[in-house]
Amino acid sequence: MSASSSSSSLSPSQRRYDVFPSFSGQDVRRNFLSHLLGEFNRKGINTFVDNQIRRTESIAPEVVQAIRASRIGIVILTRNYASSSWCLDELLEIMECRTTTGLKVMPIFYEMNPSDVRRQHGDFGEVFERTCVGKTEEQKQKWRQALTDVANISGQHSHNWDSEAAMMLKIATDVTNMLNSTPSREFDHLVGMEPHIAKMNSLLCMESNEVRVVGIWGPAGIGKTTIAKALYDLVSSDFQLSVFMENVKGNYSSKLQLQEYFLSKILNLKDMRINHLGVAKERLNSWKVFIVLDDVDKLEQLEAVANELMWFGAGSRIIVTTENKDLFKRHDIEHIYEVKFPSGNEALQIFSRSAFKQDSPPEGFMELAVGVTQVTNHLPLGLCVLGSSLRRKSKVEWAHELRHLKANLHGDVSKILRVGYDSLGDGDICKTIFLHIVCLFNGEEEGRVIQLLENSIIDVKYGLGVLVERALLSISSGKHIMMHHLLQQMGRGIAREKNADEPGKRQFLLESEEIRDVLSDGTGTGSVLGISLNMSESRELFLEEKAFRGMDNLQFIRFYKQWWSDKATLHLHEELDCLPLPRKLKLLHWESCPMKSLSFPLRPECLIEIKMKESKLKKLWEGVPMHRSLKKMELSGSTSLEELPNLSEAVNLEHLDMRDCHSLLKLPPSIWTLTMLDFLDLQACRNLEPLPANYALESLSYLNVSYCPKLKDFPEISSDIEHLNVSFTMIPQVSPSLNLWDFLHSLDLTGCENVTEFPLVPHTVSELHLDSTGIREVPPWISDLYRLTQLTMSYCVKLRKISPRICELRMLQLLQFTGCMNVKSFPAEIFQSFYLWHEFDLTLDYIDKNSLPTFTSEETHDFPLHLSLLGNDFESITHHVVRQVHYLDLTNCIDLRWLPELPGSLSELHADNCASLESLSPPMAHLMTQSSFSSSLTVGT
């Protein structure tokens, strides 16, 4: 899929303006707008300026054209915005372009309540009604819908900012990020993309509030991923959370690990850890999400990431791409889009874009170009690779290549793709890099690959760029190296060609039986650079001391298991505790390693990564080797590991993962001298001695000491930590100095039963997890934590009082008090007085039956409330509690007999197993398709 312009939309490169601002001049032109435009100018953002165009009843044609030629529409909603039919017509055009051309829309509520805009209430509503005088009902309805729609888009709210200058800077930064990320230029002029998008939009049915999964199915290389990426690029910003999961069939050790990775990406949390597969539902069931699961090949992958629709909030959309249509049937995915091969004209355009950087062949090349498209059978991947390989060649060279292709390819995909590899030239470093990616590093982070290769291959970064240019690989938005599995299959065939009958003389060993033979016979040679063994697919092998003999240049060992397998097939002969390993190793990745120590003649300066989770190691090595290149050590699950060596020479170590090393007794003092250490995970090191208090690691940003029962004092080893987890430890309180940790973003004290006071944390904190602690009160100063987005205090059974000032937290998105049975009365403000424009998730499951308020707070605001009251035993709920709800879960409230009239804003209601609830009032009939009820429940008439 590569190239064609559309008459109905403009690509980013064709758009003249970065931003089109829509505003009421009398409210903001001379103050807020002028300063905002100045900030845009300083950041190089090209903004349309109306230059005092004379305003009439209908907007000028040049304004309509400017909106259509812009990438982002900023709507500044003020008291008098709706006083002008010009502004309202601008808004109509902006919202229309949002649908038809992918224009991104950012509302700014300037001294304006979003609910007044959404409902046309208050002063804003009065101004709007005056403008509507004399207008047709159709016109008024269009304006109302546009105002409602724009008010439902996430934006900036001036009431959330103490400093207007800070708000302007944030807006300008957000606009810059939007311009840098969406829409991606990767999809400019894609051939045939509009029909694909139109058909997918029809299947996605975006206007529906249901959760829907849509499958994209077709053969390898047909363009499934390209379609999914283009669609993600177009609509993901309209959802609260979004993620593009590339190459899902990649190697994950378990369903749990796959879900951890998924949640880390969609929630933007570094190295998230979970204990069960129900976490995805718990974290996402009230969020409107857009998820792409690309290249799925097993049912277990879907079960790990999107097992049930109820895991996700109303309006969520999930796209799954696969070559295996049967997966859709087995996972009950009914909406399926089959990607067809492009037509002859489309194939010619795709090829021309790759070969000539234009939509059609130049004069004299038409017949040759058509001939090439025919030998590829119109497969888009083959068209791109062949086109790149022929770029800038003469007509004579083209004719020669075409004769060769017709004589040898015969539609064989691997032969077609091989042309791209051969075009790199003999001895080219790009071929060397390509084979390393093919055999060892497909799907890995670009920076990590450069780090592992740069000392043995010159200019790796340049070589990767050439391979991208030749369409042999791509770099994802997350900076991962991605190669189509057909190209990987072709490349691995190349790696096997040389010394086909003598695998020990090849550069890379990949096939399990061949690796088994080489290791058991000791037939490896100095030619071997890397070994990659999927132990889940190999038979058991008992290694002898000679296993790696002769492999003097071996740099990369990857012995791994697939995520669904616990199988470890490599063992040592009984008399061995360790094996001599090659001196030049850079990567030692050996899961479930049977060795008890690493006493081997490594050349220390070469080793960059040690990844040996679930190993049998008791210790690593003796002495103090010069491991100055060592960046990463992952030894999680090595339950027999008793000690770490002196690491004083590992001066560049950044990442140390020791999770579940149950036998580890203490850390060496040398750890506290590592000035580059950024990540330290000691979770469930249950015999680990308390951490020392007299050391400081200024580089450390992540520390996890959860489930370390001997930890009795708060760890004060760095004031620069961003993420701290001390859950399920014996600490009695947090340190008073914690309030000075100016980089802290998240703190987890879950299960710290001895902590009785609400922790005094810095205002930088955005997440506080205080579940199952002994905290008795949420204090009034909670309002000082103005950046807080999540506060969880489930099962805090000693909690008695919650300050109503919690409603002053204007960035709060998640608040959980499940199982807080001793809170006598939850403040009415949390149901009525938050000043929020975003959705707010409040969970009050299993609370005291009399703890809901029966009164109205002094100040009320309209905000979108997602309320869960699951499993409670109250008999009725007052209207004060539900007046703001957009989503309401009453599942298992078996004693509930009566509900008040529910608001029109409610879009989803769950009342399963509410055995005593007999009927609902007529206004609830519209919810039947988005809700679930017990079988005895009826809707009144």
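Please read all numbers here as calculations on a predicted model, not as lab measurements.

Calculation notes
- Residues numbered from 1 in each chain as written.
- Predicted model: local features only at pLDDT ≥ 70, side-chain atom pairs only at ≥ 80, totals over all residues.
- Heavy atoms only, no water.
- Patch = residues over 30% accessible without salt bridge, like charges linked within 9 Å, V, L, I, M, F, W, Y side chains within 5 Å.
- Areas by Shrake-Rupley, 256 points an atom, 1.4 Å probe, with all protein chains shown as cover.
- Salt bridge = Lys/Arg side-chain N within 4 Å of Asp/Glu carboxyl O.
- Lys, Arg positive; Asp, Glu negative; His and termini not counted.
- Charge placed at Lys NZ, Arg CZ, Asp CG, Glu CD.
- Helix = DSSP H or I, 4+ residues; strand = E, 2+ residues; numbered from the N terminus.
- Buried < 20%, exposed > 50% of the residue type's maximum accessible area, 1.4 Å probe, protein only.
- Pairing = 2+ DSSP bridges.
- Contact = heavy atoms within 4.5 Å.
- Axes fitted to C-alpha atoms, helices over the stretch in contact; angles between N-to-C directions.
- Phe/Tyr/Trp six-rings, centres within 6.5 Å; stacked < 30°, edge-to-face > 60°.
- Core = buried A, V, L, I, M, F, W, Y, C linked by side-chain atoms within 4.5 Å.
- Left-handed = near helix turned anticlockwise from the far one by under 90°.
- Nonpolar A, V, L, I, M, F, W, Y, C, P; charged D, E, K, R; others polar.
- Right-handed = clockwise from strand over helix to strand, strands pointing away.
- Arc of directions from axis to C-beta.

So, about a negative patch on the surface. On the surface, E544, E545, E574 and E575 cluster together into a negatively charged patch. Relative to the elements of secondary structure, E575 occurs in the loop between β16 (570–572) and β17 (587–590). Using a relative accessible area of 64% as the deciding quantity, one classes E575 as exposed.

This paragraph deals with the sheet that holds strand β1 (residues 17–22). Whenever strands of a sheet pair, they do so through backbone hydrogen bonds, lying parallel or antiparallel. With respect to topology, 4 strands assemble into an open sheet ordered β1-β2-β3-β4, the strand pairing being parallel. Of all the strands in the sheet, just β1 and β4 (156–157) have a single pairing partner and so form its edges. Bridging between β1 and strand β2 (residues 70–77) involves 5 bridges; their strand directions are parallel. Among the inter-strand pairings, V19 is bridged to a residue of β2, identified as I72. Strand contacts of helix α2 (residues 32–42): β1, β2 and β3 (104–109), with the helix running at about 155° to β2, the strand carrying the most contacts. Here helix α3 (residues 61–68) sits on the sheet and contacts β1 and β2; the angle it forms with β1, its principal contact strand, is near 125°.

Further remarks concern unusual backbone geometry. When glycine is set aside, most residues are seen to have a negative phi, and most peptide bonds are trans. Residue K357 is not a glycine yet carries a positive backbone phi of 60°. The exposure class assigned to K357 is exposed, which follows from its relative accessible area of 51%. The phi torsion at D459 lies on the positive side, around 55°, for a residue other than glycine. Looking at where D459 falls in the secondary structure, it is placed in the loop between α21 (446–453) and α22 (460–469). Using a relative accessible area of 44% as the deciding quantity, one classes D459 as partly exposed.

A few words now on the packing of aromatic side chains. One pass over the full model with this rule turns up 22 aromatic pairs. With a centroid separation of 5.0 Å and 90° between ring planes, the pair formed by F559 and W590 is classed as edge-to-face. With F559 in strand β15 (residues 556–560) and W590 in strand β17, this residue pair connects regions lying 31 residues apart in the sequence. Across this residue pair, the class does not change: F559 and W590 are buried. Chaining the aromatic ring pairs together yields one cluster made of Y232, F239, F244 and F290.

Following the sequence through the fold, R283 ends up in helix α12 (residues 279–284). Buried within the structure, R283 lacks any salt-bridge partner; its nearest side chain of opposite charge belongs to E767, at an N-O separation of 4.6 Å. Aside from chain neighbours lying at most four places away, what touches R283 is L267, L269, M272 and Q790.

The next subject is the sheet that holds strand β5 (residues 212–217). Taken in spatial order, the 5 strands of this open sheet run β6-β7-β8-β5-β9, and their pairing is parallel. At either end of the open sheet lies a strand with only one pairing partner, and these are β6 (241–245) and β9 (335–338). Strand after strand, the sheet turns through a mean of 15° between neighbouring axes, direction not considered. One ladder, built from 5 bridges, connects β6 with strand β7 (residues 289–293); its direction is parallel. Pairing of L241 across the sheet is with V289, part of β7. Running over the sheet, helix α10 (residues 224–235) touches β5, β6, β7, β8 (317–322) and β9 and is turned about 165° from β6.

Evaluation of the coordinates by the stated rule reveals 31 salt bridges. Here R144 and E129 are joined by a salt bridge, their closest N and O atoms 3.9 Å apart. Of this pair, R144 sits in helix α7 (residues 137–151) while E129 sits in helix α6 (residues 122–132); the two residues are 15 residues apart in sequence, bridging distant segments of the chain. Two residues, R448 and E444, come together in a salt bridge whose shortest N-O distance is 2.8 Å. One continuous salt-bridge network, built from bridges that share partners, spans E129, E137, K140 and R144.

In terms of nonpolar packing, the biggest core is built from 127 residues, with F548, W590, I806 and F817 touching the most fellow members. Counting residues per element, this core draws most heavily on helix α24 (residues 512–521), at 3 residues. Setting aside anything within four residues of it in sequence, one finds F548 in contact with L519, I531, L554, I557, F559, L579, P580, L581, P582 and W590. With 39 residues, the next largest nonpolar core counts V385, Y421, L424 and M483 among its residues.

We now examine the packing of helix α15 (residues 344–356) against helix α17 (residues 380–390). With their axes 7 Å apart at the nearest point, α15 and α17 run at an angle of 35° to one another. Of the two elements, α15 crosses α17, and the hand of that crossing is right-handed. The residues of α17 that touch α15, namely those facing A347, I350, F351, S354 and A355, are P380, L383, C384, L386, G387, S388 and L390. Among the residues forming the contact of α15 with α17, the class breakdown is 9 nonpolar, 3 polar and no charged.

Turning our attention to the pairing of β3. Counting buried residues along β3, 6 of its 6 residues qualify, which places the element largely inside the surrounding structure. Burial of β3 is two-sided: the residues K104, M106 and I108 facing one way and the residues V105, P107 and F109 facing the other way are all buried. By the bridge criterion, 6 bridges tie β2 to β3 in an arrangement that is parallel. Bridged to V75 within β3 is P107. Of the crossover connections in this fold, the one passing from β2 over helix α4 (residues 85–100) to the parallel β3 is right-handed. Sheet topology note: the β3/β4 ladder contains 2 bridges and is parallel. In the sheet register, F109 faces β4, and the bridge partner there is H157.

Another point: α2. Along α2, the residues that are buried comprise F32, L33, L36, E39 and F40. Seen from one end, α2 has its buried residues packed into an arc of 120°, which puts them on one side. In this structure, α2 carries N41 and R42 as exposed residues pointing more than 90 degrees from its buried face. Of the residues flanking the end of α2, it is G44, one or two places downstream, whose phi is positive at about 75°.

As a further point, take the environment of T99. Following the sequence through the fold, T99 ends up in helix α4. Separated by 136 residues in sequence, T99 and V235 place their C-alpha atoms 9.3 Å apart.

Read these as spatial facts, not as claims about activity.
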